[in-house]
Amino acid sequence: MKNLIEKIKKLKEEKNAVILAHSYQNIEIDEVADFVGDSLYLSQMAKTTNADIIVFAGVYFMAQTAKIISPEKKVLLPNANAGCLMADMINHEQMINFKKNHPNVPVVCYINSTAEVKAECDICCTSSNALKIVKSLNNSKVLFLPDANLGKWVESKLDGVEVITYDGNCPVHNNIEIRDIELARKNYPDAKILIHPECKPEVSRLGDYVGSTSGIMEYVRKSKDKQFVIVTEKGVADRLERDYPDKKFILIKSNMLCESMKLTTLEEILYSLEHEVNEITLDENVRKRSTGCIERMLKASK
Ligand code: 13P
Ligand code: SF4
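The rules we used
Residues numbered from 1 in each chain as written. Chains lettered and ligands numbered in written order. Predicted model: local features only at pLDDT ≥ 70, side-chain atom pairs only at ≥ 80, totals over all residues. Heavy atoms only, no water. Helix = DSSP H or I, 4+ residues; strand = E, 2+ residues; numbered from the N terminus. Rg over C-alpha atoms; globule rule 2.2 N^0.38 Å. Buried < 20%, exposed > 50% of the residue type's maximum accessible area, 1.4 Å probe, protein only. Contact = heavy atoms within 4.5 Å. Areas by Shrake-Rupley, 256 points an atom, 1.4 Å probe, with all protein chains shown as cover. Lys, Arg positive; Asp, Glu negative; His and termini not counted. Charge placed at Lys NZ, Arg CZ, Asp CG, Glu CD. Pairing = 2+ DSSP bridges. Right-handed = clockwise from strand over helix to strand, strands pointing away. Near = heavy atom within 4 Å. Nonpolar A, V, L, I, M, F, W, Y, C, P; charged D, E, K, R; others polar. Polar contact = N/O pair within 3.5 Å; in protein donor to acceptor, adjacent residues only side chain to side chain. Axes fitted to C-alpha atoms, helices over the stretch in contact; angles between N-to-C directions.

Of the regular secondary structure elements, the protein holds 14 helices and twelve strands. Taking 302 residues into account, the globule formula puts the C-alpha radius of gyration at 19 Å, and the protein, at 19 Å, falls close to it. In terms of overall dimensions, the protein has C-alpha extents of about 55 × 50 × 30 Å along its principal axes. Here the protein, with 302 residues, has 56% of them falling under the buried criterion. In the protein, of all internal contacts separated by at least 6 residues, the share reaching a separation of at least 24 is 62%. For the protein, the computed accessible surface area is about 13,500 Å², with 47% contributed by carbon and sulfur atoms. For the protein, the separation between the mean place of its 41 positive charges and that of its 43 negative charges on side chains is 4 Å.

Take a look at the structure:
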């Protein structure tokens, strides 16, 4: 593995490349990553980096977003099969029908969606800024897609805003039930429970903190508590265990694994960078039409 890591680092320098890694990736990928974090942070890094090549250790919509906002850079997705089950729940046609049923209502799209879907939306959001983005629209009604859980969570936090949601979800997070949280409270009464808002809103409501993957990690960094129940993908718990060996982390369920996120390996990162394969390409019309909603989000998140 050491050899592999050295080879990747050398190639990165030779090719002026950066590696962006989501915090659900296999933890050894951090050894070669320039930036590790949540989807908002990684899109901000994709926008501001001076690199010629971005290797995206994440899933397809993340790499595609990087290409939308940095069209002059070569963006590589090391494993071409790394998709997102939630993003796959809505295609362009379904998006158009959703809008047709609710004319003249602004549309917020979660970043976990394809460029074709983003092209039809007014503004994008991530789990870390969804509340801020919906608020910024200053409208009593908002369409939100594809994640119904996140949309309804946002609605529960706002007074007088109706969030009309599309019927999508992340099967990894949607799998958590109220009884799982109640059991964790009973078994770990001293622990803080930290929840990703892709969980059902009735589940999120029971958390001590609800936020993105980076938000959860930041909460732990600032906290004086010693025990935490992690209600999101295992990669977050793995990194917290590595970074805070004196604290205890309990993953809510052993099957909190995003299979797509775990597809990417160091070998594939090396191969894609060496041969510059699995490049993200976009229809220029779609790219142009999807840029606005991401740029508006980046501006509103500053
Ligand atoms: P973050 O916005 O926390 O990175 O979440 C992205 C994601 O896909 C969670 O399942
Ligand atoms: Fe998509 Fe869920 Fe995996 Fe996140 S955890 S990338 S929403 S399938």
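Moving on from the model shown.
Where burial is concerned, most of strand S7 (residues 141-145) is hidden: four out of the five residues are buried. With three bridges connecting them, strand S5 (residues 107-110) and S7 associate as parallel partners. Counted as the bridge partner of cysteine 109 is leucine 145 from S7. In this structure, S7 lies alongside strand S8 (residues 162-165), joined through four bridges in parallel fashion. Residue pairing in the sheet places leucine 143 in a bridge with isoleucine 164 of S8. Between the parallel elements S7 and S8, the chain passes through helix H7 (residues 148-157) in a crossover that is right-handed.

Every residue lining ligand 2 is accounted for by Tyr24, Cys84, Leu85, Met86, Asn112, Cys170, Glu198, Cys258 and Met261. Among the residues making up the shell around ligand 2, the classes are represented as seven nonpolar, one polar and one charged.

Our next topic: the site of ligand 1. Near ligand 1 the following residues occur: His22, Tyr24, Asp38, Ser39, Asn112, Ser127, His173, His196, Glu198, Ser212 and Thr213. Tyrosine 24 is positioned with one of its side-chain polar atoms (N or O) 3.5 Å from an oxygen atom of ligand 1. For ligand 1, an oxygen atom lies 2.7 Å from a polar atom in the side chain of serine 39. Against a free-state accessible area of 300 Å², the protein chains account for coverage of 96% of ligand 1. Across the shell around ligand 1, the residue classes break down as one nonpolar, eight polar and two charged.

What follows covers the sheet that holds strand S1 (residues 17-22). Judged by pairing direction, the sheet is parallel, and its four strands sit side by side in the order S2-S1-S3-S4 without closing on themselves. Looking at strand neighbours, the two that pair on one side only are strand S2 (35-37) and strand S4 (74-76), the edges of this open sheet. Direction aside, the axes of adjacent strands within the sheet are offset by 20° on average. Pairing analysis gives five bridges linking S1 to strand S3 (residues 53-57), with the strands arranged parallel.

So, to be careful, I would describe these as geometric facts and stop short of saying anything about function.
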